[in-house]
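Inside the fold
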Number of protein chains: 4
Amino acid sequence: MKHIKRRERESNEIRRKIIEAARSLFLNQGYAEVSMRKIADQIEYSPTTIYHYFANKEAVVRELLLEGNALFLQALQQSQEEAEAAGLNALDKLKTVSDAYVRFGMANPEYYSILFISNLESVSLVSLIDSGRFKGFELLEAGLLAAMEEGGIIQGNESLIASSVWSMLHGLTSLLLNFELPMTSSKDELISFTIDTFFRGLQS
Amino acid sequence: MKHIKRRERESNEIRRKIIEAARSLFLNQGYAEVSMRKIADQIEYSPTTIYHYFANKEAVVRELLLEGNALFLQALQQSQEEAEAAGLNALDKLKTVSDAYVRFGMANPEYYSILFISNLESVSLVSLIDSGRFKGFELLEAGLLAAMEEGGIIQGNESLIASSVWSMLHGLTSLLLNFELPMTSSKDELISFTIDTFFRGLQS
Amino acid sequence: MKHIKRRERESNEIRRKIIEAARSLFLNQGYAEVSMRKIADQIEYSPTTIYHYFANKEAVVRELLLEGNALFLQALQQSQEEAEAAGLNALDKLKTVSDAYVRFGMANPEYYSILFISNLESVSLVSLIDSGRFKGFELLEAGLLAAMEEGGIIQGNESLIASSVWSMLHGLTSLLLNFELPMTSSKDELISFTIDTFFRGLQS
Amino acid sequence: MKHIKRRERESNEIRRKIIEAARSLFLNQGYAEVSMRKIADQIEYSPTTIYHYFANKEAVVRELLLEGNALFLQALQQSQEEAEAAGLNALDKLKTVSDAYVRFGMANPEYYSILFISNLESVSLVSLIDSGRFKGFELLEAGLLAAMEEGGIIQGNESLIASSVWSMLHGLTSLLLNFELPMTSSKDELISFTIDTFFRGLQS
DNA sequence: TATGAATGAGGGTTCATTCAT
DNA sequence: TATGAATGAACCCTCATTCAT
């Protein structure tokens, strides 16, 4: 019994190592730079070994994506709970979650870009879109509905508004990740200014 | 004399074919999908032929990028002139240009992604891109300044605000390009709603 | 245990085959003639296979070079030991080693030309080559010093004299390898005549 | 009539340019570096133009070789005439010519290596060997015969001795060209020492 | 479980050369 | 005379993947 557990643990460790390596490679140079051999080199196993844990390269990337997705949701939910605990009103909760969105992207560029920037059709997004990415979207929608009820923002098609908010947050995040903005202010200022401005526009 | 012109034209025709092929390949999967061999296959010439027109792959992509940049700027400027001709106020001019930004991205996904999404450091064109990217940025800043003077939007650090506007527009565009939004409304609605909301937030 | 050894042996066998093939290709036209594809063809493996054993073409040639270097030194040392065992005087030992130098070149034209004729800066091995090339040189110098002490040859700057001897031996070898001399005598006669003449010139 | 001459002159000028370019490319990196396109680039004509003057790459290199051969012979003959004019004895004449041999190689590394180092079977040496390279050899033989008659050197098979002398000179030259000898003395010293030593060995 | 062996496909690029103009 | 257009062959090398052990 015991040694089976050990095996499982070891097995999971290698899976982890593979994902970690893929993640770091992805971070450095994007999807193109992730190759089975490079992963193998990095974890100091043979390329063949990876195929014991993942069916193919796509499966590795998909796992990476799923993981990023989970962490992303977790970050959003945590920030929401904290906002809740702090007794914020619905609008401020939304702003807090929005801020958390951008912070997550900045702190985890590799996950953010694999989730939202790279166009990984090879990873068969279909399943993913259903399975999780839009949990974040639902969270957003729910927050918007609450804010509408509280009167913090205008009434309206919450799905449309959620898409709009998402646009704003995604633009903010990916610009911060990929471009050196010709700016006199700090990144923090840009984030809060943009979020504040957008939600002010949503107020009645 | 005449036949020289013909030659030039033909020469340019092949250059064009190459760029077009590269552009269409780029559309599918980004830079990785663009290969000299694939371009050659598509235009039905040998790979070697491409090297008569471009020094290497980088030069092909650079041309593509420069072209996209020029078209992008042109689209923005044209919309500005039209807004001007229509006698719009500064704020509405800004909205018109913003709308043109998103429309350009939707109409030219390959150009938009080569300009703003793909991370082409390999093309080492940062400076070149910037020169043009920031022409768009300056256009934005100038519009903002004008709107401030007219009183249409709040006073403030125009470089910060321009970055903020850009974030919003970029987010809108790339979401529209890369994701099927779970939306009940149309893309047009999303665009105008987002732009309106954001600029309403900028009003005093 | 056993099968590991077998594996190692097999692995070495293919390494050997690669080196042998490279060696034989080198024989024809030098470095330019050595190509990964040609090696692969010759050993009847795919080109990719070679990359399991060597990082790149340079590594193949480097190994070839190191091997040639080792064999060359070995040949010189062995002839020296034999001369020693035969109780020859210092001058005759020198002549014996000199003869061995030329014989090695004739018997191993690929090695000789990779070592001393081809200008393999591309292999960036100058230091490596030198380390061994100058072991041969030191052996020569030591022999000269001994002969000076014994009175067999004139006193003098032994490094200059060693260079001079080396010139003579290298000229002899490379002429024998690369040209059909318009000669009435045999190669053997040329070798012994040249060596004898040169060392006679060195006698006081 | 006149313009035909001009044409010929111009034609020859381009031939010359081609050869010059080939020569300089050859000098830099050896035969492998000489390519039709690089020659064309260097002379600022199209690659096709070269084919109006030379049947193919081989013909270019052959011309280069013939030219080098002519210059080489010329250098040897001139030194011989000078030695004659200076009233030197046969042995000293031989030494003078020997010195000129090495000097030519050092002053014209590209010609020397194309003549004696590179193994250009592609240039069909056969014809060349007969046609000129061995004029130098005959010159050497004649000098040796004269020196034998004068009593400056031992009697013997002059063809064997000439080969031997050639070996020594070739070794000296190619070592000086291709290797940084680990030497405390100067190149000049090495040259004169080696030549002197060898001819001393030839003296009775 | 882990790997060494092996490969076919494809990557960018350079070459000598031909042909029509 | 000179060239622009074009190519097939070859170059080194990396990729994801399979298979037997």
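Residues numbered from 1 in each chain as written. Chains lettered and ligands numbered in written order. Predicted model: local features only at pLDDT ≥ 70, side-chain atom pairs only at ≥ 80, totals over all residues. Heavy atoms only, no water.

As annotated in an unreviewed UniProt entry, chain A carries the name TetR/AcrR family transcriptional regulator and is attributed to Paenibacillus farraposensis.

Right, let's talk about the overall build of chain A for a bit. A count of helical and extended segments in chain A gives nine helices and zero strands. Listing the helices and strands of chain A from first to last along the sequence gives α-α-α-α-α-α-α-α-α. Relative to its 204 residues, chain A shows a buried fraction of 48%. Considering only contacts in chain A between residues 6 or more positions apart, those separated by 24 or more positions represent 68%. (Helix = DSSP H or I, 4+ residues; strand = E, 2+ residues; numbered from the N terminus. Buried < 20%, exposed > 50% of the residue type's maximum accessible area, 1.4 Å probe, protein only. Contact = heavy atoms within 4.5 Å.)

Note on the copies: chain D fits chain C at an RMSD of 0.6 Å, the axial shift is 0.0 Å, and the rotation between them is 178 degrees. A rotation of that kind, with that shift, is consistent with a two-fold axis. If distances are taken from each C-alpha of chain D to the rotation axis, the shortest is found for Gly171(D), at 1.6 Å. (Least-squares fit on C-alpha atoms with pLDDT ≥ 70 in both.)

Moving on to the nonpolar core. Within the largest apolar cluster, 120 residues are counted, with the highest numbers of intra-cluster contacts made by Val165(C) and Val165(D). If we skip the residues at most four places from it in the chain, Val165(C) touches Ser98(C), Leu140(C), Leu144(C), Phe198(C), Phe199(C) and Leu202(C). Membership of the second largest hydrophobic core comes to 119 residues, among which are Val34(A), Ala21(B), Ile43(B) and Val97(B). (Core = buried A, V, L, I, M, F, W, Y, C linked by side-chain atoms within 4.5 Å.)

Looking now at the packing of helix α5 (residues 90–107) of chain B against helix α6 (residues 109–117) of chain B. Residue and element names in this part refer to chain B. Running from N to C, α5 and α6 cross one another at 110 degrees; their axes reach a closest spacing of 5 Å. Taken together, the axes of α5 and α6 are roughly perpendicular relative to one another. Taking contact as the criterion, the partners of Tyr101, Phe104, Gly105, Met106 and Ala107 in α5 are, on α6, Pro109, Tyr111, Tyr112 and Phe116. Across the contact of α5 with α6, the residue classes break down as eight nonpolar, one polar and no charged. (Axes fitted to C-alpha atoms, helices over the stretch in contact; angles between N-to-C directions. Parallel < 35°, antiparallel > 145°, perpendicular 65-115°, else oblique. Nonpolar A, V, L, I, M, F, W, Y, C, P; charged D, E, K, R; others polar.)

On the chain C side, the residues contacting the 40 residues of chain D number 40 residues. Together chain D and chain C conceal approximately 3,500 Å² of surface at their shared face, both sides included; 65% is due to carbon and sulfur atoms. Inspection of the region where chain D meets chain C yields zero salt bridges. At the surface where chain D touches chain C, the tally comes to eight residue pairs in polar contact (both at pLDDT 80 or more). When contributions to the side of chain D that touches chain C are tallied by element, the ones reaching two or more residues are α6 (109–117), α7 (125–150), α8 (158–178) and α9 (187–202) of chain D. Residues that form the side of chain D that touches chain C fall into these classes: 19 nonpolar, 16 polar and five charged. (Buried area = accessible area lost by both parts, 1.4 Å probe. Salt bridge = Lys/Arg side-chain N within 4 Å of Asp/Glu carboxyl O. Polar contact = N/O pair within 3.5 Å; in protein donor to acceptor, adjacent residues only side chain to side chain.)

Before going further, it helps to examine the relation of the copies chain A and chain B. With an axial shift of 0.0 Å and an RMSD of 0.6 Å, the rotation relating chain A to chain B amounts to 178 degrees. Taken together, the interface assignments show that 98% of the residues at the interface of chain A recur at the interface of chain B, consistent with an identical surface on both copies.

In the numbering adopted here, UniProt assigns the feature "DNA-binding region" (unreviewed entry) to residues 35–54 of chain A. Split by type, residues 35–54 of chain A is 75% helix and 0% strand. Its first and last C-alpha atoms lie 13 Å apart. (UniProt positions renumbered as here; feature names shortened; annotations may be inferred.)

Attention shifts here to the protein's contact with DNA strand F. Around DNA strand F there are 34 residues in total, and Thr49(B), His52(B), Thr49(D), His52(D) and Tyr53(D) lie nearest to it. The sugar-phosphate backbone supplies 51% of the atoms of DNA strand F found within 4 Å of the protein. Residue His52(B) places a side-chain N or O atom 2.5 Å away from a base nitrogen belonging to DNA strand F. Here the residues of the surface near DNA strand F sort into twelve nonpolar, 15 polar and seven charged. (Near = heavy atom within 4 Å.)

Contact residues are listed per partner, giving 40 residues for chain A and 40 residues for chain B. Counting each side, the surface lost to burial between chain A and chain B is near 3,500 Å², with a carbon and sulfur contribution of 66%. The interface formed by chain A and chain B includes zero salt bridges. On inspection of chain A and its partner chain B, the count reaches eight residue pairs in polar contact (both at pLDDT 80 or more). Those elements giving two or more residues to the side of chain A that touches chain B turn out to be α6 (109–117), α7 (125–150), α8 (158–178) and α9 (187–202) of chain A. The element best represented in the side of chain A that touches chain B is α8(A), accounting for 13 residues.

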